[in-house]
Amino acid sequence: MASIRDLKKDINYVLGDIIEAVYLVEASGNKQNSKEGNAIIDNAIEVFDELIAKVNQKSVENRPAHLKSVKEELETKAGSLIEQLNKLG
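Okay, so let's go over this structure.

## Things to note about the nonpolar core
One finds I11 and L15 to be the most contacted residues of the largest nonpolar core, which totals 20 residues. Residue assignment for this core shows that the elements contributing at least two residues are α1 (4-28), α2 (35-55) and α3 (63-88). Beyond its immediate sequence surroundings of up to four residues, I11 is in contact with F48, L51, I52, V55, V70 and L74.

As structure tokens, this is what we get:
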């Protein structure tokens, strides 16, 4: 398992890139601050907060398994956000 620091960086980069992509799609379509785009950004921020809180949990029995599940959750939730982003553009 990679370090906790690397997992936190992955969460930050992946969700940050999704938020940036929303801005790029909206800018290219001249529809800034759309309801759909704002919803994707809000969801990305909620996922970020949720995953970082899970990474910071120290009272889990099997920490490596817990962190692995957080990484898998990042992948599934990021995939869902990307699907929403593709519908936006």
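## Focus on the side chain of S34
With respect to the element layout, S34 can be found in the loop between α1 and α2. Within polar-contact distance, the side chain of S34 engages the backbone nitrogen of G37 at 3.1 Å. Once you skip the residues sitting within four places of it in the chain, S34 turns out to touch E26 and L88.

## Some words on the pattern of salt bridges
Using the criterion set out here, one finds 5 salt bridges in the structure. With a shortest N-O distance of 3.4 Å, D10 and K71 are connected by a salt bridge. Highlighted residues: D10 in helix α1 and K71 in helix α3, separated in sequence by 61 residues. On the basis of relative accessible area, K71 is assigned to the partly exposed category, the value being 32%. E73 is the salt-bridge partner of K54, the closest N and O atoms lying 2.8 Å from each other. With K54 in helix α2 and E73 in helix α3, the pair connects residues that are 19 residues apart, well separated along the chain.

Conventions used here
Residues numbered from 1 in each chain as written. Predicted model: local features only at pLDDT ≥ 70, side-chain atom pairs only at ≥ 80, totals over all residues. Heavy atoms only, no water. Core = buried A, V, L, I, M, F, W, Y, C linked by side-chain atoms within 4.5 Å. Buried < 20%, exposed > 50% of the residue type's maximum accessible area, 1.4 Å probe, protein only. Helix = DSSP H or I, 4+ residues; strand = E, 2+ residues; numbered from the N terminus. Contact = heavy atoms within 4.5 Å. Polar contact = N/O pair within 3.5 Å; in protein donor to acceptor, adjacent residues only side chain to side chain. Salt bridge = Lys/Arg side-chain N within 4 Å of Asp/Glu carboxyl O.

That is the geometry; function is a separate question.
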